[in-house]
Amino acid sequence: MNIQFRENQEAASPLTVKTAIADCDIHPARATRTELYPYLAKRWQHHLEVYGVHAYQGMMEGPPYPKAQPNASRRDAYPPEGGPQGSSLSFMQKQLLDPNNVQLGVLNPLNTGQGIRNHELAAALCSAINDWQIDKWTSKDKRLKASIVVGNEDGLSAAAEIRERAGDKNFVQVLLLSRNVEPLGQRRYWPIYQAAEEAGLPVGVHAFGFGGNPITPSGWPSYYIEEMVGHSQCQQSALASLVLEGVFERFPKLKMVMIEAGFGWAPSLAWRLDKVWQRLRSEVPHVKRPPSEYIREQVWWTTQPMEDPESREDLFDVINWIGWDRLLFATDYPHWDYDEPSRVLPAGVSEANREAFYLGNARALYGIG
Amino acid sequence: MARHVIAPVDELPPGTRKFLEIDGRPIAVFNIKGEYFGLMNRCPHQGASLCEGPLIGLAQSNNPGEIEYTKLGEIIRCPWHGWEFDIRTGQSYCDPRRFRVKAYPAHVEPGASVVKGPYVAETIAVSVESDYVVVEL
Ligand code: FES
């Protein structure tokens, strides 16, 4: 983010590195294709070798659009020992955690078992990823905390996975993706919210997913750049669905984190929802309060990608509506749209808000002392 | 403006680049087809080591469907967010009004001239037989 051009780059760069921060969106990767096998029953190892993975999405391997850079990652993030970006703990420590003084790093693995048609396989893969997160990451570096990935399309097995991990301090949230078979407020997903609420774990909704639907509401676009902006549209329909299906009403202690889809759109979505709700509330009598109230009480937002308006006052207006206590700083390491901690927040933020933005909010939400 | 010896010419053949720190500033020097260019190795966007990125060309279009690809090997693409800069001038193609990378003139000087002058970088062993790449900053 780069609201005001700083003349003196040297003076600007090491601004916050000494202040401890939380990074609420880190993507750990597997070094090899078979790295999960030790956590998978023989049956599923054989299944993967013989049948592979059958996803809801048309393209079975990889994302629907080519990414800007290999593995959608920073080109300087290849570990020296080889393997894809994000696959080496020691290099992550050296490149991200140590120099930026990351005190809390939340792991959000992608390419898990989510969006797979065979629900037993999905559950087995998700569970394996969760074991792998402990073994390879959180048990080796106490700064790192994992997200419980669940077979999202099968609410019951997902809830079982959450209950099994509940109370395990290696995990701080449940992770869903924004593109699913149906909008996220629908009943098939309710067991996930119920289990998360019981466990006291926030549910993170990360941009992306393998739901099989076109990635924009008007069909498949031509360019990757359209997918990038489409993430906020998808997150908006997910959030509208959560509100209007009554998820927040039914699970009043549920906390949701919108990850990697921006937040500048939050006020306008809430205003629009409030307006139509006033006129059409009889259609959704289970939505008892203005939608904006649920959103402001039960939703948090990660910062990467930060909105980047020409005037920082516009950014501050949006944040003031959302609340300085609702933003969670994130880099999205090792992905190419990474945000550098010392450069994202323009000048003119009070010390208290700055501390909340970089660390305090995340510690409070994730219950890290 | 001081001149700094970077390397003997044969240590920086065409297509290669060299990273170094001069007076606390991270600098990269490129040899593009026998021409030398120096750039500040810090991206003005968010501070990445800019010159770790790939050298690409410049895709431009006046009309939809008509794409011109020029300046092949002369555009550095930042390893983080992919902003593009002309290594000849440091000019940004992303937001030319506000952003540029500092460019430093680089060229070759005969060994005899660098050894004679007061500009010899102490860390580099200088031998008069060779020509040297020199950067000015
Ligand atoms: S840091 Fe270079 S493009 Fe962002």
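Description of the structure in this document. These numbers were taken from a predicted model, which means no experiment stands behind them. (Residues numbered from 1 in each chain as written. Chains lettered and ligands numbered in written order. Predicted model: local features only at pLDDT ≥ 70, side-chain atom pairs only at ≥ 80, totals over all residues. Heavy atoms only, no water.)

1. Points about the overall build of chain A
Across its full length, chain A holds 13 helices and 8 strands. The C-alpha atoms of chain A give 20 Å as radius of gyration, which agrees with the globular expectation for 369 residues (21 Å, within 12%). For chain A, buried positions account for 59% of its 369 residues. Across chain A, contacts joining residues at least 24 apart in sequence account for 80% of those joining residues at least 6 apart. Put simply, chain A shows about 15,300 Å² of open surface, and 53% of that area lies on carbon and sulfur atoms. (Helix = DSSP H or I, 4+ residues; strand = E, 2+ residues; numbered from the N terminus. Rg over C-alpha atoms; globule rule 2.2 N^0.38 Å. Buried < 20%, exposed > 50% of the residue type's maximum accessible area, 1.4 Å probe, protein only. Contact = heavy atoms within 4.5 Å. Areas by Shrake-Rupley, 256 points an atom, 1.4 Å probe, with all protein chains shown as cover.)

2. Topic: the nonpolar core
All names here are of chain A. Formed by 133 residues in total, the largest nonpolar core has its most connected members in Tyr 193, Leu 239, Met 256, Trp 301 and Tyr 366. For this core, the leading source of residues is helix H4 (residues 119–138), giving 10 residues. Tyr 193 has contacts with Leu 176, Leu 184, Val 203, Leu 242, Val 247, Phe 251, Leu 254 and Met 256, leaving out every residue within four places of it along the chain. One finds Tyr 65, Ala 72, Ile 215 and Tyr 224 within the second-largest nonpolar core, a separate group that totals 5 residues. (Core = buried A, V, L, I, M, F, W, Y, C linked by side-chain atoms within 4.5 Å.)

3. Thoughts on the sheet that holds strand S4 (residues 35–40) of chain B
Two strands in a sheet stick together by hydrogen bonds in their backbones, pointing the same way (parallel) or opposite ways (antiparallel). All names here are of chain B. Strand order in the open sheet formed by 6 strands is S1-S9-S8-S4-S3-S2, with antiparallel pairing between adjacent strands. Bordering the open sheet on either side are strand S1 (3–8) and strand S2 (17–22), each of which pairs with just one other strand. On average, each strand axis in the sheet is inclined to that of its neighbour by 30°, with strand direction left out of account. Inspection of the sheet shows S1 paired to strand S9 (residues 131–136) by 5 bridges, in the antiparallel sense. Of the residues in S9, the one forming a bridge with Ala 7 is Val 133. (Pairing = 2+ DSSP bridges. Axes fitted to C-alpha atoms, helices over the stretch in contact; angles between N-to-C directions.)

4. Topic: the sheet that holds strand S4 (residues 171–179) of chain A
Residue and element names in this part refer to chain A. If you trace the 8 strands from one edge of the open sheet to the other, you get S1-S2-S3-S4-S5-S6-S7-S8, paired in parallel fashion. Each edge of the open sheet is held by one strand with a lone partner, namely strand S1 (21–26) and strand S8 (327–328). Pairing between strand S3 (residues 144–149) and S4: 4 bridges, direction parallel. When the bridges of S4 are listed, Ser 147 appears paired with Gln 173.

5. Here's the deal with the interface of chain A and chain B
Taken together, the 18 residues of chain A in the interface contact 18 residues of chain B. Buried area between chain A and chain B, both sides added, is near 1,600 Å², and the carbon and sulfur share of it is 46%. Our count for the contact surface shared by chain A and chain B stands at 0 salt bridges. Remark: the boundary between chain A and chain B carries 8 residue pairs in polar contact (both at pLDDT 80 or more). Broken down by secondary-structure element, the contributors of at least two residues to the side of chain A that touches chain B are helix H1 (9–12) and helix H12 (341–344) of chain A. A breakdown of the residues in the side of chain A that touches chain B according to their chemical character gives 7 nonpolar, 3 polar and 8 charged. (Buried area = accessible area lost by both parts, 1.4 Å probe. Salt bridge = Lys/Arg side-chain N within 4 Å of Asp/Glu carboxyl O. Polar contact = N/O pair within 3.5 Å; in protein donor to acceptor, adjacent residues only side chain to side chain. Nonpolar A, V, L, I, M, F, W, Y, C, P; charged D, E, K, R; others polar.)

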